[in-house]
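Structural characterization, general
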Amino acid sequence: MGKCPLQMVRQEEFQKEYFFDLAISFSEETKMLQLIDQPDPEMMFHENYAFFSSTSKNMTLHFEKMAQHYMDNFILDLNDAFVVELGSNDGIMLQNFSRKNIKHLGVEPSSNVAEIARQKGVNTISKFFGKNTAQEIVGEYGKADIISAANVMCHIPDLNSVGAGVDLLLKDKGIFVFEDPYLGDIIQKTSYDQIYDEHVYLFSVQSVNYAFERHGLEVFHVEPQHTHGGSMRYFLCRKGAHKMRESVTKQLAFEKKLGLDKLETYEQFAKNCAQSKTDFVDLLKTLKADGKRVVGYAATSKSTTVLNYCNVGPDLIEYICDTTPIKQGKFSPGMHIPIKPYEDFKNDNPDYIVLFGWNHAREIFSKETEFSARGGKWIVFVPRVEVVSPDDYMVKNAG
Ligand code: TMP
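Computed from a predicted structure; not experimentally measured. (Residues numbered from 1 in each chain as written. Predicted model: local features only at pLDDT ≥ 70, side-chain atom pairs only at ≥ 80, totals over all residues. Heavy atoms only, no water.)

A look at the overall build of the protein chain
The secondary structure content of the protein chain amounts to 15 helices and 17 strands. At 21 Å, the protein chain has a C-alpha radius of gyration in line with the 21 Å of a compact globule built from 399 residues. If one aligns the C-alpha atoms of the protein chain with their principal axes, the spans along those axes are about 65 × 50 × 40 Å. Split into buried and exposed, the 399 residues of the protein chain put 57% on the buried side. Intrachain contacts of the protein chain at a sequence separation of at least 6 include 68% that bridge at least 24 residues. (Helix = DSSP H or I, 4+ residues; strand = E, 2+ residues; numbered from the N terminus. Rg over C-alpha atoms; globule rule 2.2 N^0.38 Å. Buried < 20%, exposed > 50% of the residue type's maximum accessible area, 1.4 Å probe, protein only. Contact = heavy atoms within 4.5 Å.)

Here's the deal with the nonpolar core
Counting 97 residues, the largest nonpolar core has F176 and F280 as the members making the most contacts within it. Of all the elements, helix 10 (residues 263-289) adds the most residues to this core, at eight residues. In contact with F280, not counting residues within four places along its chain, are V306, C310, V312, I317, V354, I379, F381 and V385. If you look at the next biggest cluster of nonpolar residues, it comprises 25 residues, including M66, A67, F74 and I75. (Core = buried A, V, L, I, M, F, W, Y, C linked by side-chain atoms within 4.5 Å.)

Thoughts on empty space enclosed by the protein
As enumerated under the stated definition, the model contains one cavity of 30 Å³ or more in all. In this structure, the largest cavity encloses a volume near 30 Å³. Along the walls of the largest cavity sit F345, K346, E368, E370, F371 and R374, which together make up its complete lining. Among the elements of the structure, helix 12 (342-346) and helix 14 (369-373) are those that each provide at least two residues to the lining of the largest cavity. (1 Å grid on protein atoms, 1.4 Å probe; cavity = no way out; pocket = protein on both sides within 12 Å on 5 of 7 lines; lining within 4 Å. Points joined across faces, edges and corners; volume = space filled by probe spheres on them.)

Overview of the packing of aromatic side chains
Going through the model one piece at a time under the given rule, you end up with 22 aromatic pairs. Where Y192 meets Y309, the ring centres are 5.1 Å apart and the plane angle is 65 degrees; that geometry is what we call edge-to-face. Within this pair, whereas Y192 is found in the loop between helix 7 (183-189) and helix 8 (205-213), its partner Y309 is found in helix 11 (residues 301-310), the two being separated by 117 residues in sequence. Residue class for Y192 comes out buried when judged on its relative accessible area of 2%. Overall, Y309 belongs to the buried group, its relative accessible area being 12%. (Phe/Tyr/Trp six-rings, centres within 6.5 Å; stacked < 30°, edge-to-face > 60°.)

Examining the site of the ligand
Near the ligand, the surroundings consist of 15 residues, among which D322, T323, K327, H360 and K367 are the closest. Contact distances for the ligand include 3.2 Å between an oxygen atom and a side-chain N or O atom of N359. At 2.9 Å, a side-chain N or O of H360 approaches an oxygen atom of the ligand. For the ligand, the protein covers 97% of the area, taking 490 Å² as the surface of the free molecule. For the shell around the ligand, the element with the highest residue contribution is helix 13 (residues 361-367), accounting for three residues. Within the shell around the ligand, the residues separate by chemical class into four nonpolar, six polar and five charged. (Near = heavy atom within 4 Å. Polar contact = N/O pair within 3.5 Å; in protein donor to acceptor, adjacent residues only side chain to side chain. Areas by Shrake-Rupley, 256 points an atom, 1.4 Å probe, with all protein chains shown as cover. Nonpolar A, V, L, I, M, F, W, Y, C, P; charged D, E, K, R; others polar.)

Let's talk about helix 2 (residues 57-73)
Taking 1.5 Å as the rise per residue, helix 2 with 17 residues should run 24 Å; its terminal C-alpha atoms sit 24 Å apart, in good agreement. When helix 2 is considered as a whole, its buried residues turn out to be M59, H62, F63, M66, A67, Y70 and M71. Buried residues along helix 2 sit against helix 3 (95-98), strand 8 (144-150), strand 9 (170-181), strand 10 (217-225) and strand 11 (231-238). (Expected span 1.5 Å × (residues − 1).)

Some remarks on unusual backbone geometry
Backbone torsion omega between V382 and P383 reads 5 degrees, so that peptide bond is classified as cis. Mapped onto the elements of the fold, P383 is located in the loop between strand 16 (377-380) and strand 17 (386-388). Located in the positive-phi region is N89, a residue other than glycine, with phi close to 50 degrees. Topologically, N89 is positioned in the loop between strand 5 (82-86) and helix 3. A positive phi is found at N151, a non-glycine position, where the angle reads about 55 degrees. Here N151 lies in the loop between strand 8 and helix 6 (159-169). Taking the relative accessible area as the measure of exposure, N151 reaches 14% and is therefore buried.

Re the sheet that holds strand 14 (residues 339-341)
The strand order across the open sheet formed by six strands is 14-13-12-15-16-17, and the pairing between neighbours is mixed. Each end of this open sheet is capped by a strand with a single partner; those strands are strand 14 and strand 17. Neighbouring strand axes in the sheet, compared pairwise and without regard to direction, differ in orientation by 35 degrees on average. Relative to strand 17, strand 16 runs antiparallel, the two being bridged by three bridges. Its bridge partner lying in strand 17, W378 is registered against V388. (Pairing = 2+ DSSP bridges. Axes fitted to C-alpha atoms, helices over the stretch in contact; angles between N-to-C directions.)

Observations regarding the pattern of salt bridges
Summed over the entire model, instances satisfying the criterion amount to 16 salt bridges. A salt bridge links E115 to R118; the nearest nitrogen and oxygen atoms lie 2.9 Å apart. Here the residue E115 and the residue R118 both occupy positions in helix 4 (residues 111-119), the gap between them amounting to three residues, near one helical turn. For E115, a relative accessible area of 34% gives the class partly exposed. Overall, R118 belongs to the partly exposed group, its relative accessible area being 34%. Between R233 and E223 there is a salt bridge, with the nearest N and O atoms lying 3.7 Å from each other. Pair noted here: R233 is in strand 11 and E223 is in strand 10, with a separation of ten residues, a long-range link. Of the two residues, R233 and E223, both sit in the buried class. If you follow the salt bridges from partner to partner, you end up with D167, D172 and R238 in one network. (Salt bridge = Lys/Arg side-chain N within 4 Å of Asp/Glu carboxyl O.)

Here it is as structure tokens:
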């Protein structure tokens, strides 16, 4: 897909921007789909990490429900439970355990977000998770009933180190649960923007089973999620420790039907991406020729892939508005579109806005009724490039 940079940049950093090769590979043997060139995790998860989970109200609710689901269905004795979360970010999920005084620990390598979690009363250590960290945790707290991770496992190049850590830390009947953007959704929706620096792997049930079976773990249940444009929650346990549920056999059959085990599926996906690029650039150029003003909504990591792959810069999209203070005043990686505070968009009157945060469509559309009411138009590129009305989009792409 070409060269792609990492983080939002300041103007004075344009010359020393780091680019990596954005390309994926698929193995018919292992069923893994992964980035070929993997940026060093320490370049991405550090004291200036720009993603704060709690910026989205829907995500806060999602994690509240996730915590309740664990408490209702997967923890036998809440008084004696220990819940660990890998990549716990600003404590968005674990705060639900901390509020109930349930023993918990967040493991979060980015120190700035870890500090926010601590301020909320969420017990957090700032480390990468692996065998050594697992050993330290067992020594200090004992073994875990639940090891949870959301939008984290797909970020970790060395899955074996995590698998070995989970094997050390998990109780015999404990469960390891994680959720990530689901490959099935990506293929069906041509959501190629899920391919970016932090997403080393794009998982399916087949590949998760492959990755963790060497650590004595198996997927015994799955639950599809609407988050992040279509995700899957994988429940793993030690082989045979929990009864295999029908959800797994059903999902594996679906994956076969979709051809997730075949190279030709990904060759077709590449063609679909190229078509999406042509359609996006053509639309933006036509609007520019018609004298229309186009801006972007949400400087998501995903937008970096779209803008660099499509080679779209500030000549076609004036600016991108975003609510995250750490991103504002900077520029989009590589293409250098200015990132402006959300308020600038509120006080502006552009003709079109590109929904880069399409995975938050419901939340964003419900906030922006005024923009639509005064004739502002929305451009989406997932599942296809088109100008949409919020209502139509939500009916067709409920989630
Ligand atoms: P994500 O797609 O990786 O979750 O990134 C979300 C980005 O979108 C984050 O920078 C905050 C931004 N955002 C807004 O600016 N306004 C919104 O209403 C929402 C939901 C997100």
